[in-house]
Amino acid sequence: MIFVETPRLLLRKVTQADYPYFRTYLTDKHMDEMMLRSPCHSEEDIHSGFDWFLNKEDRAYVIVHKEAGEVIGNLTVYDKVPPEVAQQEAVAGKAGKSLSFAMSPAWQRRGLMLEAVHAVIDHLFSQENTDYIHCGYLSYNVPSKMLQEKLGFQEIFTEHFSLDGREIEAVENVLWKAP
């Protein structure tokens with residue numbers, strides 16, 4: 001099932017045939033760092049991670065490059081924003097959604113994720129009852145920061161926490177539907 005389509009891309013629901021992409025994605029140490037996720041060390045970990053995308057997250061999509069005919073990334077729409085975002089005065093009483101996304105390293109820096117996320121934003125604002133979209137990034141994830149800035153996201157708050165002896169800063173952004 002196609003969710004959105006752009007001139008170069010289509011976003012569709014994850015299927016069993018997407019396992020090879022997710023196997024690579026879920027074992028990428030750089031992606032683990034950028035997304036602050038636990039590494040998948042075993043086949044069982046990989047299958048469990050893939051099962052989440054395939055069966056547990058209703059709005060998990062793969063990004064397919066039309067010309068190449070291959071999965072090059074993934075994007076998930078969450079119909080509820082995290083509680084720490086929903087508690088912010090600026091969004092109180094508003095309908096929000098959250099986004100999470102990743103692009104295969106070989107396909108980065110070509111404007112493809114910008115194209116995909118822009119199409120999803122357009123869809124969420126025009127076709128669904130969405131007042132704002134939430135998206136965040138870890139302060140050292142410069143590509144995500146730059147992408148969100150290009151799309152017009154604005155900081156709503158910053159979180160600081162410790163993890164494994166490291167101090168982490170997470171920036172939480174929102175993009176408002178144009179009046």
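In short, a report on the structure.

Reading the values: the criteria
Residues numbered from 1 in each chain as written. Predicted model: local features only at pLDDT ≥ 70, side-chain atom pairs only at ≥ 80, totals over all residues. Heavy atoms only, no water. Helix = DSSP H or I, 4+ residues; strand = E, 2+ residues; numbered from the N terminus. Expected span 1.5 Å × (residues − 1). Buried < 20%, exposed > 50% of the residue type's maximum accessible area, 1.4 Å probe, protein only. Salt bridge = Lys/Arg side-chain N within 4 Å of Asp/Glu carboxyl O. Pairing = 2+ DSSP bridges. Axes fitted to C-alpha atoms, helices over the stretch in contact; angles between N-to-C directions. Left-handed = near helix turned anticlockwise from the far one by under 90°. Contact = heavy atoms within 4.5 Å. Nonpolar A, V, L, I, M, F, W, Y, C, P; charged D, E, K, R; others polar.

**Quick look at helix α5 (residues 112-127)**
- End to end, α5 covers 22 Å across 16 residues, agreeing with the expected 22 Å (1.5 Å per residue, within 8%).
- Leu112, Met113, Glu115, Ala116, Val117, Ala119, Val120, Ile121, His123, Leu124 and Phe125 are the residues of α5 that are buried.

**Overview of the pattern of salt bridges**
- Taken as a whole and judged by the stated rule, the model has 11 salt bridges.
- Ionic pairing is found between glutamate 115 and arginine 8, a salt bridge with its closest N-O pair at 2.6 Å. In this pair, glutamate 115 sits in helix α5 while arginine 8 sits in the loop between β1 (2-5) and β2 (9-13), placing the two residues 107 residues apart along the sequence.
- A salt bridge links glutamate 128 to lysine 97, with the nearest nitrogen and oxygen atoms 3.6 Å apart. Taken together, the residues span a long stretch of sequence, with glutamate 128 in the loop between α5 and β6 (132-138) and lysine 97 in strand β5 (residues 96-103) at a distance of 31 residues. Here glutamate 128 and lysine 97 have matching classes, each one buried.
- Through salt bridges with shared partners, a single ionic network connects Arg59, Asp79, Lys97 and Glu128.

**As for the pairing of strand β4 (residues 70-78)**
- Burial analysis of β4 places 7 of its 9 residues in the buried class, the great majority of the element.
- Across 6 bridges, strand β3 (residues 60-65) lies against β4 in antiparallel orientation. Of the residues in β4, the one forming a bridge with valine 64 is valine 71.
- Joining the antiparallel neighbours β3 and β4 is a turn of 4 residues, in which glycine 69 adopts a positive phi near 70°.

**Quick look at the packing of helix α1 (residues 19-26) against helix α3 (residues 43-56)**
- Contact geometry for α1 and α3: axes closest at 10 Å, N-to-C directions at 120°. For the element pair α1 and α3, the recorded crossing hand is right-handed. When α1 is examined against α3, the residues Tyr19, Phe22, Arg23, Tyr25 and Leu26 are found in contact with a partner set consisting of Glu43, Ile46, His47, Gly49, Phe50 and Phe53.
- Within the contact of α1 with α3, the residues separate by chemical class into 7 nonpolar, 2 polar and 2 charged.

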